[in-house]
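Observations on the model geometry
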Amino acid sequence: MLHVQLPAAASLERTDQVLKKVEDILGHTEGVEYYTGIGGFSLLNRISASYQGFFFMSFKPWDERTSKELQAQAILAKINGALATQIPEGMAFAFMPPSIPGLGSAGGFSLWLQDRSGGSVEFLDQNVKAFLARRENA
């Protein structure tokens, strides 16, 4: 994934010009197979604004990226280096999505306990308390 942000109130036209520069960087980065950009929105902060942009990227298959220079972290480092030097108009950075969707280094996760046996609310309450007690002792 790749986030792009220009100064507040930058026009969508300016943002689009920066997104084209990012596309050029991605298109010339070995190991990147596909990418799709979105102007006017960022999934990172879920803001629709003319000065935001976002990219989804796919790397080439693992068996085609056997050298260390083509491992995911190395590709990201190469992309971020290019973004830092070639995108002075704003801020742009690439990052790995979380391994488990919804559980990243900045977010949390939600957990729902259900009683599918049709038991009482008291039964569910006892099991929730037992679950939390085990979690505290772990």
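See the structure above.
Residue positions are given per chain, counted from 1 along the sequence in the order it is written. Where local features are concerned, this predicted model is filtered to residues with pLDDT of at least 70; where side-chain atom pairs are given and counted, the filter is 80 or more; whole-chain, interface and lining totals use all residues. With hydrogens and water excluded, all non-hydrogen atoms of the structure serve as input to the side-chain values.

Considerations on the overall build of the chain
To keep things clear, this is the line we draw: Each helix is a run of DSSP H or I of at least 4 residues and each strand a run of E of at least 2, with the numbering of both proceeding from the N terminus. In this scheme, a residue with accessible area under 20% of its type's maximum is buried, one over 50% is exposed, and one in between is partly exposed, where area comes from a 1.4 Å probe on protein chains only. Residue-level accessible areas treat just the shown protein chains as cover; the underlying method is Shrake-Rupley with a 1.4 Å probe.
The secondary structure content of the chain amounts to 3 helices and 4 strands. Ordered by position from N to C terminus, the α and β elements of the chain give β-α-β-β-α-β-α. Across the 138 residues of the chain, 25% fall into the buried class. Accessible surface, the chain: about 9600 Å² in total, of which carbon and sulfur atoms supply 55%.

Observations regarding the side chain of S42
The criterion, for reference: Distance and chemistry together define a polar contact, namely a pair of N or O atoms within 3.5 Å, with one atom able to donate a hydrogen and the other to accept it when in protein, and with adjacent residues in sequence counting only for side-chain atoms on both sides.
As for its placement among the helices and strands, S42 is situated in strand 2 (residues 32-42). A relative accessible area of 0% places S42 in the buried class. Reaching out from S42, the side chain makes a polar contact with the side chain of H3 at a distance of 2.7 Å. There is a polar contact of 3.2 Å between the side chain of S42 and the backbone nitrogen of L44.

A few points about the packing of helix 1 (residues 12-27) against helix 2 (residues 72-86)
Filter applied, for reference: Axis definition: a line fitted to C-alpha atoms, limited for helices to the stretch in contact. Angles are taken between N-to-C directions and run from 0 to 180 degrees. Left-handed is the label given to a crossing in which the near helix is rotated counterclockwise from the far helix by less than a right angle, and right-handed is the label when the rotation is clockwise. Residue contacts are defined here by distance: any two heavy atoms, one from each residue, within 4.5 Å place the two residues in contact. Any residue outside Ala, Val, Leu, Ile, Met, Phe, Trp, Tyr, Cys, Pro, Asp, Glu, Lys and Arg is labelled polar, Gly included; the first ten of those are nonpolar and the last four are charged.
As a packed pair, helix 1 and helix 2 sit with axes 10 Å apart at the nearest point and diverge in direction by 145°. In the packing of helix 1 onto helix 2, the handedness of the crossing is right-handed. The segment helix 1 lies against helix 2, with K21, V22, I25 and L26 engaging I79, A82, L83 and Q86. When its residues are assigned to classes, the contact of helix 1 with helix 2 shows 6 nonpolar, 1 polar and 1 charged.

The quantities given are spatial measurements derived from coordinates; they are silent on function.
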